[in-house]
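One-letter residues, chain by chain:
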Amino acid sequence: MTLQQALRKPTTPGDVLQYEYLEPLNLKISDLAEMLNVHRNTISALVNNNRKLTADMAIKLAKAFDTTIEFWLNLQLNVDIWEAQSNARTQEELSRIKTVADVMAKRKSGQPDVA
């Protein structure tokens, strides 16, 4: 079984912040930083996709914009999954993983277990 991957990278939390919240509300990065009581660089890194969204930041954004924590965390989760599935090294490592079905079939056939 192979993992399906989306062709296009999912929208990041930073892009959602920029294009769905900051721009329409005419807020600057420094405004949001002040609202959330965090350093401007923290918001800048998130908006510019140089930092992943943390659970702590998701809680703050959910409160500030009256959304759910899960909304923000799901955005990050979708990006993380896409990046992992699109990574050649990760795919190569996955190809070497033995499934439970493989191990059970070998046990049933009397072959030695994989160490």
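Just above, that's the structure.
Residues numbered from 1 in each chain as written. Predicted model: local features only at pLDDT ≥ 70, side-chain atom pairs only at ≥ 80, totals over all residues. Heavy atoms only, no water.

### Observations concerning the pattern of salt bridges
As a working rule, side chains carrying opposite charge can pair if their charged atoms are close by.
In step 1: Throughout the structure, instances matching the rule amount to six salt bridges.
In step 2: Across the pair D80 and K52 runs a salt bridge, and its minimum N-O distance is 2.9 Å. In this pair, D80 sits in helix α5 (residues 69-86) while K52 sits in the loop between α3 (40-47) and α4 (55-65), placing the two residues 28 residues apart along the sequence.
In step 3: Look at D80 and you get partly exposed, because its relative accessible area is 27%.
In step 4: The partner of K60 in a salt bridge is D56, and the shortest N-O contact between them spans 3.4 Å. Of the two residues, K60 and D56 both sit in helix α4, four residues apart, roughly one turn of that helix.
In step 5: The class of K60 is partly exposed, set by a relative accessible area of 27%.
In step 6: Judged by relative accessible area, which is 46%, D56 ranks as partly exposed. (Salt bridge = Lys/Arg side-chain N within 4 Å of Asp/Glu carboxyl O. Helix = DSSP H or I, 4+ residues; strand = E, 2+ residues; numbered from the N terminus. Buried < 20%, exposed > 50% of the residue type's maximum accessible area, 1.4 Å probe, protein only.)

### What about the environment of K60?
In step 1: In sequence terms K60 and N37 are 23 residues apart; their C-alpha atoms lie 9.2 Å from each other.
In step 2: Look past the residues within four positions of K60 in its chain and what remains in contact with it is L36 and V38. (Contact = heavy atoms within 4.5 Å.)

### Quick notes on the packing of helix α2 (residues 29-36) against α4
In step 1: Contact pair α2 / α4: the axes reach a minimum separation of 10 Å and the direction vectors enclose 100°. By the angle between their directions, the pair α2 and α4 is classed as roughly perpendicular. Between α2 and α4, the residues in contact are L32, M35 and L36 and M57, K60, L61, A64 and F65, respectively.
In step 2: A breakdown of the residues in the contact of α2 with α4 according to their chemical character gives seven nonpolar, no polar and one charged. (Axes fitted to C-alpha atoms, helices over the stretch in contact; angles between N-to-C directions. Parallel < 35°, antiparallel > 145°, perpendicular 65-115°, else oblique. Nonpolar A, V, L, I, M, F, W, Y, C, P; charged D, E, K, R; others polar.)

### Some points on the packing of helix α1 (residues 13-25) against α5
In step 1: The geometry of α1 relative to α5 is characterised by a closest axis approach of 9 Å and an angle of 130° between their N-to-C directions. In terms of axis orientation, α1 runs oblique to α5. Touching P13, V16, L17 and Y21 of α1 are F71, W72, L75 and Q76, all from α5.
In step 2: Its residues assigned to classes, the contact of α1 with α5 shows seven nonpolar, one polar and no charged.

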